[in-house]
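Chain and residue survey
Spelled out, the chains give:
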Amino acid sequence: MGQAGCKRLSQSLFDYKTEKYVIAKNKKVGLLYRLLQVSILTYLVVWVFLVKKGYQDFDTSLQSSVITKVKGVTFTNTSELGERLWDVADYVIPPQGENIFFIITNLIVTPHQRQETCAESESIPDAVCYEDSDCPPGEPIMAGNGVRTGRCLQSGNTQRGTCEIFAWCPVETKSRPEKPLLGKAEDFTIYIKNFIHFPKFNFSKTNVLDTKDRDFLKSCRFGPKNPYCPIFRLGSVVSWAGSNFQEIALQGGVIGIQIEWNCDLDKAPSECNPRYYFSRLDSRFPGNSVSSGYNFRFAKYYRDEAGVEFRTLMKAYGIRFDVMVNGRAGKFSIIPTIINMASGVALMGVGSFVCDLVLIYFIKKSNFYRNKKYEEARSGHAGNGKVSVEQLQDLQTVEA
């Protein structure tokens, strides 16, 4: 048995398989085959070439530059700052006009802070004390405002007090105002100038109308009729992002402005237009959650007549804007066209494969079709009494 098996294996190495075409007169299988062909052809034409533009070469390495400017003035009158006019130099951070910028809409102001000793804020848990030993000198209050001096300052007849600290005094104690300081800022305007370049196709464009009219940008506003006037009203941007301006101005937030360039370079350059999308990026928590909003602190420093430094501490609430640019450009190329057409032709073979499975395994006369499709031919030798190879027909017609 071992020698016979090895002999058959060695002989099979020299077998040659050739296709045999069988035309099966079966209407159900024929209908299935045509449906598969139409489906594959539809997929190839509609999805691959029309929707996905499989005949184009694409460039996704978009090079982009964003320049921003904010304009608008407003007037406030508060006890801490007095009468004050706010312009772009006061409420925009940073002033360089980058793709990420911040507009102040609310403030907690702690004026005239000097480096001296004072009581720590009662809202700091680590600052609570009952005697001087609770305030070891030289140790900082990490969540607080300064370094302990070793004294426990008690108010009135209560035993509970707060540690004395060396810090910028007086410390910040005020809570957030109930109304935004710059509540009228929703009429401010944001100018977003964007330059893009697709290096593969050496194609460049900007989102600003190419005009010599110097008054165009002074009077226009972005809208369906002015897609190349990238000047946006602040309140409109907030509403397009699905938020209320007075609410976000009170506690702050983050808004994303996405500029998308999808350019079909087989068409005229004027058909390559930017699309703008606005969204609220920070998580909005229900109620007055401590995690809501966006804020940070900064200070402005001064010196008195004696040369002693003092400062005004500001806790700024406002809207941070992140301008993001993405896109791709496509242009006809023979290479992806040939590749996708060859893939489509190869998919046509799937129809034949599926129909073969149905024909030889799943219908009633599957054994009959299987015997007609697969035939084994052995060659004979003269004088050995074996039958010689019968002539194979290239085409057999099998009646179902």
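Refer to the preceding data block for the structure.
Computed from a predicted structure; not experimentally measured.

Digging into the environment of Val-45
Within the element layout of this structure, Val-45 appears in helix H2 (residues 27–51). Each C-alpha atom, one on Val-45 and one on Gly-344, is 9.2 Å from the other, the two residues being 299 residues apart in sequence.

A few points about H2
Given a rise of 1.5 Å per residue, 25 residues ought to cover 36 Å, and the 34 Å separating the end C-alpha atoms of H2 matches this to within 8%. Among the residues making up H2, those that are buried are Val-29, Ile-40, Leu-44, Val-48 and Phe-49. The inward-facing, buried residues of H2 abut helix H7 (334–362). Lys-53, located one to two residues past H2, shows a positive phi value of around 50°.

Here we look at the packing of aromatic side chains
In the structure shown here, the tally under the stated rule is 14 aromatic pairs. Plain terms: the ring middles of Phe-222 and Tyr-276 are 4.9 Å apart, the flat faces sit at 70° to each other, and that makes the pair edge-to-face. With Phe-222 in the loop between helix H4 (216–219) and strand S13 (231–233) and Tyr-276 in strand S15 (residues 274–280), the pair connects residues that are 54 residues apart, well separated along the chain. Looking at Tyr-276, the relative accessible area reads 12%, which means it is buried. A ring pair is formed by Phe-232 and Tyr-276, whose centres lie 5.3 Å apart and whose planes are at 65°; its orientation type is edge-to-face. Note that Phe-232 is positioned in strand S13 and Tyr-276 in strand S15, a separation of 44 residues in sequence. For the pair Phe-232 and Tyr-276, one class covers both residues: buried. Each residue in the set Phe-222, Phe-232, Trp-240, Tyr-276 and Phe-278 is aromatic and connected to the rest through ring pairs, giving one cluster. Over the ring of Trp-86 we find Arg-84; its NZ or CZ atom is 4.4 Å from the centre of that ring. The ring of Phe-58 has Arg-328 sitting right over it, with the charged end atom 4.0 Å from the ring centre.

A short note on a positive patch on the surface
Residues Lys-69, Lys-71, Arg-214 and Lys-218 make up a contiguous surface patch of positive charge. Mapped onto the elements, Arg-214 comes out in the loop between strand S12 (203–206) and H4.

Observations concerning the state of the cysteines
This structure, assessed with the given rule, holds 5 disulfides. One disulfide bridge connects Cys-129 with Cys-152, the sulfur atoms lying 2.0 Å from each other. Across the disulfide from Cys-129 to Cys-152, rotation about the S-S bond amounts to roughly 90°, and the bridge is consequently right-handed. Here Cys-129, found in strand S8 (residues 128–129), pairs with Cys-152, found in strand S9 (residues 147–154); they are 23 residues apart in sequence, far enough to count as distant. The class of Cys-129 is buried, set by a relative accessible area of 0%. Covalent S-S linkage joins Cys-135 and Cys-163, the inter-sulfur distance amounting to 2.0 Å. Its torsion about the S-S bond being -85°, the disulfide of Cys-135 and Cys-163 is classed as left-handed. Residue Cys-135 is located in the loop between S8 and S9, and its partner Cys-163 is located in strand S10 (residues 161–169); the two are separated by 28 residues in the primary sequence. For Cys-135, a relative accessible area of 0% gives the class buried. When the cysteines engaged in disulfides are numbered in sequence order, the protein pairs them as 1-6, 2-4, 3-5, 7-8, 9-10.

Focus: the pairing of strand S14 (residues 253–264)
A large share of S14 lies buried, amounting to 10 of its 12 residues. In this structure, S14 lies alongside strand S17 (residues 309–332), joined through 12 bridges in parallel fashion. From the neighbouring strand, Gly-256 faces S17, where its bridge partner is Asp-322.

Focus on H7
What sets the pattern is the α-helix's 3.6 residues per turn: residues three or four places apart point alike. Compared with the 42 Å implied by 1.5 Å per residue over 29 residues, the 42 Å span of H7 between its first and last C-alpha is a close match. Looking at H7, one finds that the buried residues are Pro-336, Thr-337, Gly-344, Gly-351, Cys-355, Leu-359 and Ile-360.

Topic: the pairing of S10
The element S10 is extensively covered by neighbouring structure, given that 8 of its 9 residues are classed as buried. With 5 bridges joining them, S9 and S10 adopt antiparallel strand pairing. Bridge pairing links Arg-148 to Ile-165 in S10. The turn joining S9 and S10, which pair antiparallel and follow one another in sequence, is formed by 6 residues; a positive phi near 70° is taken by Gly-156.

Some words on the packing of H2 against H7
One can describe the packing of H2 onto H7 by two numbers: an axis separation of 9 Å at closest approach and a directional angle of 160°. What the angle tells us is that H2 and H7 run roughly antiparallel. Considering how the two elements wind past one another, H2 and H7 form a crossing that is right-handed. Class assignment of the residues belonging to the contact of H2 with H7 gives a composition of 18 nonpolar, 6 polar and no charged.

Things to note about the nonpolar core
Residues Tyr-91 and Phe-321 are the most contacted members of the largest nonpolar core, which totals 44 residues. Formed by 8 residues, the second largest nonpolar core is a distinct cluster that contains Cys-118, Ala-127, Ile-141 and Ile-165.

Quick notes on the rules
- Residues numbered from 1 in each chain as written.
- Predicted model: local features only at pLDDT ≥ 70, side-chain atom pairs only at ≥ 80, totals over all residues.
- Heavy atoms only, no water.
- Helix = DSSP H or I, 4+ residues; strand = E, 2+ residues; numbered from the N terminus.
- Expected span 1.5 Å × (residues − 1).
- Buried < 20%, exposed > 50% of the residue type's maximum accessible area, 1.4 Å probe, protein only.
- Contact = heavy atoms within 4.5 Å.
- Phe/Tyr/Trp six-rings, centres within 6.5 Å; stacked < 30°, edge-to-face > 60°.
- Lys NZ or Arg CZ within 6 Å of the ring centre and 35° of its normal.
- Patch = residues over 30% accessible without salt bridge, like charges linked within 9 Å, V, L, I, M, F, W, Y side chains within 5 Å.
- Areas by Shrake-Rupley, 256 points an atom, 1.4 Å probe, with all protein chains shown as cover.
- Salt bridge = Lys/Arg side-chain N within 4 Å of Asp/Glu carboxyl O.
- Lys, Arg positive; Asp, Glu negative; His and termini not counted.
- Charge placed at Lys NZ, Arg CZ, Asp CG, Glu CD.
- Disulfide = S-S within 2.5 Å.
- Pairing = 2+ DSSP bridges.
- Axes fitted to C-alpha atoms, helices over the stretch in contact; angles between N-to-C directions.
- Parallel < 35°, antiparallel > 145°, perpendicular 65-115°, else oblique.
- Left-handed = near helix turned anticlockwise from the far one by under 90°.
- Nonpolar A, V, L, I, M, F, W, Y, C, P; charged D, E, K, R; others polar.
- Core = buried A, V, L, I, M, F, W, Y, C linked by side-chain atoms within 4.5 Å.

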